[in-house]
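If you want the building blocks of each chain, they are given just below.
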Amino acid sequence: MLRTVIIADDLTGANDTGAILAQDGFHVGTVIRRDRMEDFAAFNTLCVSTDSRAMSAEDAYTAIQDAASLFPRDPAILFSKRIDSTLRGNVGAEIDAILDYLGEEYTAVVVASFPGSGRSCIGDILLVNGVPLQLTEVSRDPINPMRSSRVTEIVRQQSKHEVGYIGLECVVGSSLRLMERLQKECRAHRVIVVDAATERDIKAIAACCAASGEKIVAIDPGAFTAALADYTFNRAKYETDQSILCVVGSATELTQKQIAYLREKDDPFVIKADVARFFDPAERAAEIDRLVAAIVGAADEKQILAITTTESTADLLDFSKVPATAGLDRRERALAITESLAEAAERILVRAGQRIGGLYASGGDVSVAICTRLGISGFDVKNEVIPLAIYSHLAGGVRHEMPVITKGGLVGRDDTLFQCVDYLKEKIS
């Protein structure tokens, strides 16, 4: 079944974007003979080149319309208008053409960034390897000399539509705020330019577009289209019978927001530890038993299992009201909490066995305590999910080679826990 259509203004661009989607598991074909479309019936992603970069705006508009007409106006299909990474060509006219073909319900989201090729957009300025576009050699291009670095200005000069804009400060902030802003701009404009400095920014934009309920056309050099297709169609590849255990020991406001976002976007089983009980030996054992029983009991029903010490500011412990903490300094109090959480995690992993396939630990002290309790020798480090959130495999110990993400308590933004869990889902599937 056809899922994604990519219309590019040259053949190289069509293949470039198609290759990115192919790496994500899509079956990608590039169409040369349009009279032989039946040869591509088995492909779920098709790329078409219009060779329209050097055409007049009017001819480019017609070329895009002709290419789009090869495909049905099906809301289940993601349409992408691949543009040059330096915005050369008939960007505005081609956006108008694809919008006119698809209809008034659609909005074109322009993400001109391509971090893998050194392109980023900050403050509406397209930077090429850190240099504003108009100061690069494309300013001397004999066919399409670029005189401006401002993405909205370039699009406005060529398109019949008013152009909205979402800046980087919104993209890197709260995902809820980005979603609200995106939906607001979709109501006000048919074309929206969005900043992005990193791949992570592009994924955040794509996640919001996929979840927004809006009908979106991707306008970009390739990275945004790939991320949007992945969020729209590839969720099924993350299905697995195994669960992920999250141990969230940090008690920051950011952590509370991350748990709330996870609850909003997924269906986790979350149990809050009664931290005060960790300071009395008899109560400590009973509380750990409670946590272990609850998590193990939920492992057959829920894919995400989480122990947390707080979900709101009301949960923050006032140690002056916990007699058992009298005489303990700050380090000793923290140690009692982290070691209790670590013991609970170890017992859960032993009892649940292979039903739990991945581990997420938030808070440096919690991560250390869990690793010590599991008796691991170290980490087989694989990747950085986001800055300071590291994906590894455990080396040695109770669960040798189990996928794990460790993250600092003050790291990330509202959607970071969700992103990390989603990453682990992919790795254990």
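One can find the structure itself at the top, above this paragraph.
Now for a description of the structure that goes with this document. Since we're looking at a predicted model, the values are computed, not measured. (Residues numbered from 1 in each chain as written. Predicted model: local features only at pLDDT ≥ 70, side-chain atom pairs only at ≥ 80, totals over all residues. Heavy atoms only, no water.)

**Some details on the sheet that holds strand 18 (residues 403–407)**
Counted only if it meets this: For two strands to pair, DSSP has to find at least two bridges joining them. Only DSSP runs of H or I covering at least 4 residues are called helices, and only runs of E covering at least 2 are called strands; the numbering of each starts at the N terminus. In this analysis, axes come from line fits to C-alpha atoms, helices being fitted only over the stretch in contact, and the angle between any two N-to-C directions falls in the range 0 to 180 degrees. Any pair of residues with heavy atoms lying within 4.5 Å of one another is described as a contacting pair.
Spatial strand order, 13-14-12-15-18-17-16: seven strands in an open sheet with mixed pairing. Each end of this open sheet is capped by a strand with a single partner; those strands are strand 13 (269–272) and strand 16 (378–386). Adjacent strand axes in the sheet meet at a mean angle of 20° when their direction is disregarded. Sheet analysis places strand 15 (residues 356–362) next to strand 18, joined by four bridges and oriented parallel. Following the sheet pairing, Ala 361 is matched in strand 18 by Thr 406. Taken strand by strand, helix 11 (residues 330–352) contacts strand 12 (243–248), strand 14 (304–308) and strand 15, and its axis lies near 170° from that of strand 12. The strands touched by helix 12 (residues 364–374) within the sheet are strand 12, strand 15, strand 16, strand 17 (389–395) and strand 18, with strand 15 carrying the most contacts at an inclination of about 140°.

**So, helix 11**
In plain terms, the rule: An expected span of 1.5 Å times one less than the residue number is assigned to each helix. Residues adjacent in sequence count toward polar contacts only when both atoms are side-chain atoms; beyond that, a polar contact is any pair of N or O atoms within 3.5 Å, and within protein one must be able to donate a hydrogen and the other to accept it.
Compared with the 33 Å implied by 1.5 Å per residue over 23 residues, the 33 Å span of helix 11 between its first and last C-alpha is a close match. Where helix 11 begins, the capping side chain belongs to Asp 329, and its oxygen is found 3.2 Å from the backbone nitrogen of Arg 331. Just downstream of helix 11, Gly 353 is the residue with a positive phi angle, here 60°.

**Details of the nonpolar core**
This is how it is decided: Nonpolar core, defined: a set of buried Ala, Val, Leu, Ile, Met, Phe, Trp, Tyr and Cys residues in which side-chain atoms within 4.5 Å join the residues together. Between buried and exposed lies partly exposed: a residue is buried under 20% and exposed over 50% of the maximum accessible area for its type, with that area taken using a 1.4 Å probe on protein chains only.
With 40 residues, the main nonpolar core has Leu 87, Ile 95, Ile 98 and Val 151 as its most contacted residues. Top element by residues in this core is helix 3 (residues 91–102). It accounts for seven residues. The contact partners of Ile 98, leaving out residues within four places of it in the chain, are Ile 7, Ile 64, Ala 68, Phe 79, Val 217 and Ile 219.

**A closer look at the environment of Ala 60**
Assignment of secondary structure puts Ala 60 in helix 2 (residues 57–68). Discounting residues that sit within four places of it in the chain, Ala 60 has contacts with Ser 52, Met 55, Asn 90 and Glu 94.

**Describing the packing of helix 7 (residues 199–211) against helix 8 (residues 223–233)**
For clarity, the threshold we go by: Angles are sorted into four bins: roughly parallel if under 35 degrees, roughly antiparallel if over 145, roughly perpendicular if 65 to 115, and oblique for all others. We call a crossing left-handed when the near helix sits turned anticlockwise from the far one by less than a right angle, and right-handed when that turn is clockwise. Any residue that is not Ala, Val, Leu, Ile, Met, Phe, Trp, Tyr, Cys, Pro, Asp, Glu, Lys or Arg is counted as polar, Gly included; the first ten are nonpolar and the last four charged.
Contact pair helix 7 / helix 8: the axes reach a minimum separation of 8 Å and the direction vectors enclose 45°. Relative to helix 8, the element helix 7 lies oblique. Like other packed secondary-structure pairs, helix 7 and helix 8 cross with a definite hand, here right-handed. Mapping the contact onto sequence places Glu 199, Ile 202, Lys 203, Ile 205, Ala 206, Ala 207, Cys 209 and Ala 210 in helix 7 and Ala 223, Phe 224, Ala 227, Leu 228, Tyr 231 and Thr 232 in helix 8. Split into classes, the residues belonging to the contact of helix 7 with helix 8 amount to eleven nonpolar, one polar and two charged.

**Points about the sheet that holds strand 1 (residues 4–8)**
One open sheet holds the eight strands; their spatial order is 2-3-1-4-11-5-10-9, and the pairing between them is parallel. At either end of the open sheet lies a strand with only one pairing partner, and these are strand 2 (28–31) and strand 9 (163–166). The mean angle between the axes of side-by-side strands here comes to 25°, regardless of whether they run parallel or antiparallel. Taken together, the five bridges between strand 5 (residues 106–110) and strand 11 (residues 215–220) define a ladder with parallel strand orientation. Paired with Thr 107 across the bridge in strand 11 is Ile 216.

**A look at the pattern of salt bridges**
The condition that has to hold: Salt bridges are defined as contacts in which a side-chain nitrogen from Lys or Arg sits within 4 Å of a carboxyl oxygen from Asp or Glu.
Within the structure shown, the criterion is met by 28 salt bridges. Where Asp 300 meets Arg 355, a salt bridge forms, and the shortest distance between an N and an O atom there is 3.1 Å. Separated by 55 residues along the polypeptide, Asp 300 in the loop between helix 10 (281–298) and strand 14 and Arg 355 in the loop between helix 11 and strand 15 bring together distant segments of the chain. The class for Arg 355 is partly exposed, based on a relative accessible area of 28%. Each of Asp 9, Asp 10, Arg 53, Asp 84, Arg 88 and Asp 141 takes part in a single network of salt bridges with overlapping partners.

**As for the pairing of strand 16**
Alignment of strand 16 against strand 17, held across seven bridges, turns out to be antiparallel. Bridge pairing links Glu 384 to Ile 390 in strand 17. Hairpin connection of strand 16 to strand 17: two residues between the antiparallel strands, including Leu 388 at a positive phi of 75°.

**Thoughts on the packing of aromatic side chains**
What characterises a pair of aromatic rings is the spacing of the ring centres plus the angle enclosed by the ring planes. We count it as follows: In this scheme Phe, Tyr and Trp rings, the latter by its six-membered ring, pair at centre separations within 6.5 Å, and the angle between planes marks the pair as stacked below 30 degrees, edge-to-face above 60, and tilted otherwise.
Per the counting criterion, the structure on display carries four aromatic pairs. Judged by centre distance (5.8 Å) and plane angle (70°), the rings of Tyr 261 and Phe 418 are edge-to-face. One end of the pair, Tyr 261, is in helix 9 (residues 253–265); the other, Phe 418, is in helix 13 (residues 416–428), with 157 residues separating them in the sequence. The buried category is assigned to Tyr 261, whose relative accessible area is 11%. Look at Phe 418 and you get buried, because its relative accessible area is 18%.

**Details of the side chain of Asp 414**
Selection criterion: Positive charges come from Lys and Arg alone, negative charges from Asp and Glu alone, with His and the N- and C-terminal ends not counted.
In this structure, Asp 414 sits in the loop between strand 18 and helix 13. In this structure Asp 414 is buried but unpaired, with Lys 257 as the nearest side chain of opposite charge at 5.0 Å.

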